[in-house]
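# Overview (structure and organization)
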Amino acid sequence: MIKNTINLLSGLLVAYACMQPALAQSNAVKSIGNVTDVQISGQQVKLNTGTAHIEVTVYTPSVIRVRMDKQQLSEDFSYAVIAKPQTTKANITQTANEVTIVTDSVKLVIGKKPFHTAFYTLDGKVISEDETGLNTSWVNESVTTYKHMQDGEHFVGLGEKTGNMDRKGAGYTNWNSDTFGYRTDQDPIYSTIPFYIGVHHEVTYGIFMDNTYQSDFNFGASNNRFSSFGARGGEMNYYFIYHKQLADVITSYTALTGRMKMPPLWSLGYQQNRYSYYPETEVMRIAQTLREKKIPADGITLDIHYMDKYKVFTWDKQRFPDPAKMNSKLEGMGFKLTLIVDPGIKTEKGYDVYESGLKNNVFIKYADSTNYTGEVWPGWCHFPDFTNPAGRAWWQQEIKKYADVGVNGIWNDMNEISTWGQKMPDNVLFDFEGKRVSHLQAHNVYALQMARASYEGFRKALNKRPFILTRAGYSGLQRYTAIWTGDNRAEDDHMLLGIRLLSSLGLSGVPFTGMDVGGFTGNPTVPLYARWMQVGAFSPYFRNHTGVNTKSAEPWAFGEEVLEIVRNYVNLRYQLMPYLYSSFYEATQNGKPIVRSLAINYTHDEKVYSTKFQNQYEFGNGFMIAPFTGADTYGNVYFPEGNWYDLYTDEVIAGKQEKIIPVTLNKLPVYVKESSIIPMQSLVQTTAQKPTDTLTVHIYKGNRNNSFVYYEDDGESYNYENGTFYKRTISYDAVKKQITFAKAEGSATSKFKHVKLLLHGFNNLSMKVNNKAVKSASEFYNFLAPISRFEPQGFINAPEGRNVQSIMVDNSSNAFTLNY
């Protein structure tokens, strides 16, 4: 009897144990299951499984979209994606076990038992495939897709993420967060861009998961089997992008999510910021000192202390009695003013902005229809619903108050949404274009829609290009705004982290980026400040900014040596303005960033993913910057394939090698890629000042062909959208030994009457322009002014420069060719 009982219990235990996988599967993890139905229509496939409804759509020959949900797929809607599927030739076939989609770029095989995907090159190489046995599954409302992690795979992008440039071995969460003084490994921070690029075995692909819920990406963190991406609500919705070149992946991603407009020219100049400049006399003192000390600058920014008790759309009348008059003075000195704005509207009876918001019913609400109230700088506040067209229209009317007094830039801050306590309730509701969703779905796009409202309102009010800056955002933010990396620290590792953040944002489709140069919290050392300002001169948005209760951080606050070093690099930036502005034009056309990770042009070079070299970057397509901290005396630089010129000496360094270089505080290591074309202008103190009538074009002899699209417009209006611009392609042909200026395009004329060609490495060759012999002159050229006054401190002890070949030609709109 006892033996039989034991046998019975043992049998039950075995049976129970055998049931556990099935129980776990049904109760905890719901896999996608086998395909039970397939419908093929044009370039789209719809499939059903026992668990999910699936839709696979060919968007372009290189982009395929995959949507999955446990319920019927909802109405298609996205704040990020603005593109529609293009009519594409797609050959779709099926067998009992799989569906195959083939375009002229990529092949997708959809397995049916169970549903899974595998993407291949046309010659059969695996690009990306679901992890066998895991595929896509749900845990409660969370959905995750698991991809097989390829041998040696690198992962880059994902926007504003800390840590190493290569995401391999790490995991990340997307939930826009106010992270004052964040650690260099802290996650998440301010913005969400759920797009990454994978690289392995000479193939490159991108995945953009368009889901605004809190999301998680895993690139082999705590596992050695898969990479994955998922969201804590909503559907699985991702776009798979394949191109042979990484830069083309970025181009396709920005075709989906949009590209930036041309920025106002002044916004590319040096910006002097502080938390905070007040009263008006202090603002004017800063402006006057910049001019007296001949530090070129275009912008001054006011932080929250310009407001009346931090109430948005107001001025403190004691500190700023006549904002319009102050703006007029600043304009006369060549400065544009940018103001901070926060979304919180103080709940104060009689405050006209609050009363107007109540009247127009524009605030986000609890489920019981009462307005949500959270505490921030002004005290208890309501918050406009920027996912509501009426909320955006109301904001646009309010923001006009700033344009009316001459303000040219708007800085959207605290828009994660940030409130004291950082715990906005989940049951707060947002309009979401009439769909009514909870905070869980709307949180990550709030900042994007605030930036949109600010851009659209300010563009209309100014009738010219505004400068819009944001702290937080979501994919597609580049259509409306620049972004900076938030409240960083005045520490060496934060400067280097900032460079990686800009590189990662560039990989993620955002070209107009910056950081608080010098550090926001704390006080930089003298060497750190000098080095950071040099790096800042080679960033898209050049903003010097420090926090309250810190020492002054203007360029003259660190001594005469540093002042001269900083002036040198700010001067160089202004001389490079034609190169920089043309690089921004390129970004508007194909999404290529200004700060370019070396992975963009040297994708399959393993060295560029090394932590030793991950801080190096290209600035546009001509320069490579090798940043070091102010404490470094020697540095290890990696030179990718090709020849590289030292910017300061013209020394030619062969590529595919590491080199130890001496590091001095007065010079940031900068190298020019062979065959590069670098247009420059004379020095100005503000972009409002006209340079001389000669455009100087530096061309570096090399073994590769290259071209550069030189671009001009008026720098402030939208007339360029109607063809009022000046554009011409400058080409360098290393085989034919030709330099060609193509015929100019556009209805505008260039502001430069002459072109001066400075030829590096050509060594007194005979030259012809349009088959007519021309004389070249040997010219001494130096990018930086000498700082020989400070020899005892170890600075440059003699002027540096080198001889180059110089040729002058008229800048007519006709094409011309130089043979050498």
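Residues numbered from 1 in each chain as written. Predicted model: local features only at pLDDT ≥ 70, side-chain atom pairs only at ≥ 80, totals over all residues. Heavy atoms only, no water.

### Structural notes on the overall build of the protein chain
- Scanning the protein chain for helices and strands turns up 13 helices and 52 strands.
- A compact globule built from 820 residues should have a C-alpha radius of gyration of about 28 Å, and the protein chain, at 28 Å, falls within 12% of that.
- Projecting the C-alpha coordinates of the protein chain onto the three principal axes gives extents of approximately 105 × 70 × 55 Å.
- By the burial criterion, 62% of the 820 residues in the protein chain qualify as buried.
- When contacts within the protein chain are restricted to residue pairs at least 6 apart in sequence, those whose partners lie at least 24 apart make up 69%.
- As displayed, the protein chain offers around 30,700 Å² of accessible surface, 49% of which is attributable to carbon and sulfur atoms.
- For the protein chain, the distance from the average site of its 82 positive side-chain charges to the average site of its 80 negative ones is 4 Å. (Helix = DSSP H or I, 4+ residues; strand = E, 2+ residues; numbered from the N terminus. Rg over C-alpha atoms; globule rule 2.2 N^0.38 Å. Buried < 20%, exposed > 50% of the residue type's maximum accessible area, 1.4 Å probe, protein only. Contact = heavy atoms within 4.5 Å. Areas by Shrake-Rupley, 256 points an atom, 1.4 Å probe, with all protein chains shown as cover. Lys, Arg positive; Asp, Glu negative; His and termini not counted. Charge placed at Lys NZ, Arg CZ, Asp CG, Glu CD.)

### Some words on the confidence of the model for the protein chain
- For the protein chain, per-residue confidence averages 94 on the pLDDT scale, and 95% of positions sit at 70 or higher.
- Note on residues 1–25: pLDDT under 50 across the span, and four contacts to partners over four residues away in sequence or across chains.
- Contacts from residues 790–799, a stretch scored under 50 in pLDDT, to residues over four places away or in other chains number 17 contacts. (pLDDT = per-residue confidence, 0-100.)

### Re the pairing of strand 6 (residues 91–94)
- Pairing analysis gives four bridges linking strand 6 to strand 7 (residues 98–102), with the strands arranged antiparallel. What sits directly across from Gln94, in strand 7, is Val99.
- Between the end of strand 6 and the start of strand 7, which pair antiparallel, lie three residues. (Pairing = 2+ DSSP bridges.)

### Overview of the pattern of salt bridges
- Following the criterion strictly, the structure yields 38 salt bridges and no others.
- Between Glu398 and Lys401 there is a salt bridge, with the nearest N and O atoms lying 2.7 Å from each other. Within this pair, Glu398 and its partner Lys401 are both found in helix 6 (residues 389–403), separated by three residues, close to a single helical turn.
- Since its relative accessible area comes to 8%, Glu398 is described here as buried. (Salt bridge = Lys/Arg side-chain N within 4 Å of Asp/Glu carboxyl O.)

### Observations regarding the environment of Lys125
- Tracing the chain through its elements places Lys125 in the loop between strand 9 (115–120) and strand 10 (126–129).
- For Lys125 and Lys107, which are 18 residues apart along the polypeptide, the C-alpha to C-alpha distance reads 9.8 Å.

### Considerations on helix 9 (residues 492–507)
- Here helix 9 contains 16 residues, and its C-alpha end-to-end distance of 23 Å stays within 8% of the 22 Å for a straight helix at 1.5 Å per residue.
- Counted residue by residue, helix 9 has 14 buried out of 16 residues, so it is predominantly covered.
- Immediately beyond the C-terminal end of helix 9, within one or two residues, lies Gly509, with a positive phi of roughly 90 degrees. (Expected span 1.5 Å × (residues − 1).)

### Details of the sheet that holds strand 49 (residues 772–774)
- Strands sit in the order 44-45-46-52-48-49 across an open sheet of six strands; the sheet is antiparallel. Across the chains shown, the open sheet's two edge strands, defined by having one partner strand only, are strand 44 (706–712) and strand 49. Adjacent strand axes in the sheet meet at a mean angle of 20 degrees, parallel and antiparallel pairs treated alike.
- Here four bridges tie strand 45 (residues 726–733) to strand 46 (residues 738–741), and the two strands are oriented antiparallel to one another. Bridge pairing links Ser731 to Thr740 in strand 46.
- Against the sheet, helix 12 (residues 577–590) touches strand 44 and strand 45, its axis set at about 95 degrees to strand 44. (Axes fitted to C-alpha atoms, helices over the stretch in contact; angles between N-to-C directions.)

### Quick notes on the packing of helix 10 (residues 526–536) against helix 11 (residues 560–575)
- For the pair helix 10 and helix 11, interaxial distance at closest approach is 9 Å and the crossing angle is 10 degrees. What the angle tells us is that helix 10 and helix 11 run roughly parallel. Every residue of helix 11 that contacts helix 10 at Val526, Tyr529, Ala530, Met533, Gln534 and Gly536 is listed here: Val562, Ile565, Val566, Tyr569 and Arg573.
- For the contact of helix 10 with helix 11, the per-class residue count stands at eight nonpolar, two polar and one charged. (Parallel < 35°, antiparallel > 145°, perpendicular 65-115°, else oblique. Nonpolar A, V, L, I, M, F, W, Y, C, P; charged D, E, K, R; others polar.)

### Structural notes on the pairing of strand 3 (residues 44–49)
- On strand 3, burial follows the alternation: Val45, Leu47 and Thr49 on one face are buried, whereas Gln44, Lys46 and Asn48 on the facing-out side are not.
- Pairing analysis gives six bridges linking strand 2 (residues 35–41) to strand 3, with the strands arranged antiparallel. What sits directly across from Val35, in strand 3, is Thr49.
- Pairing of strand 3 with strand 4 (residues 53–60), which is carried by five bridges, proceeds in the antiparallel orientation. Along strand 4, the bridge assignment pairs Asn48 with His53.
- Between strand 3 and strand 4, which follow one another and run antiparallel, lie three residues.

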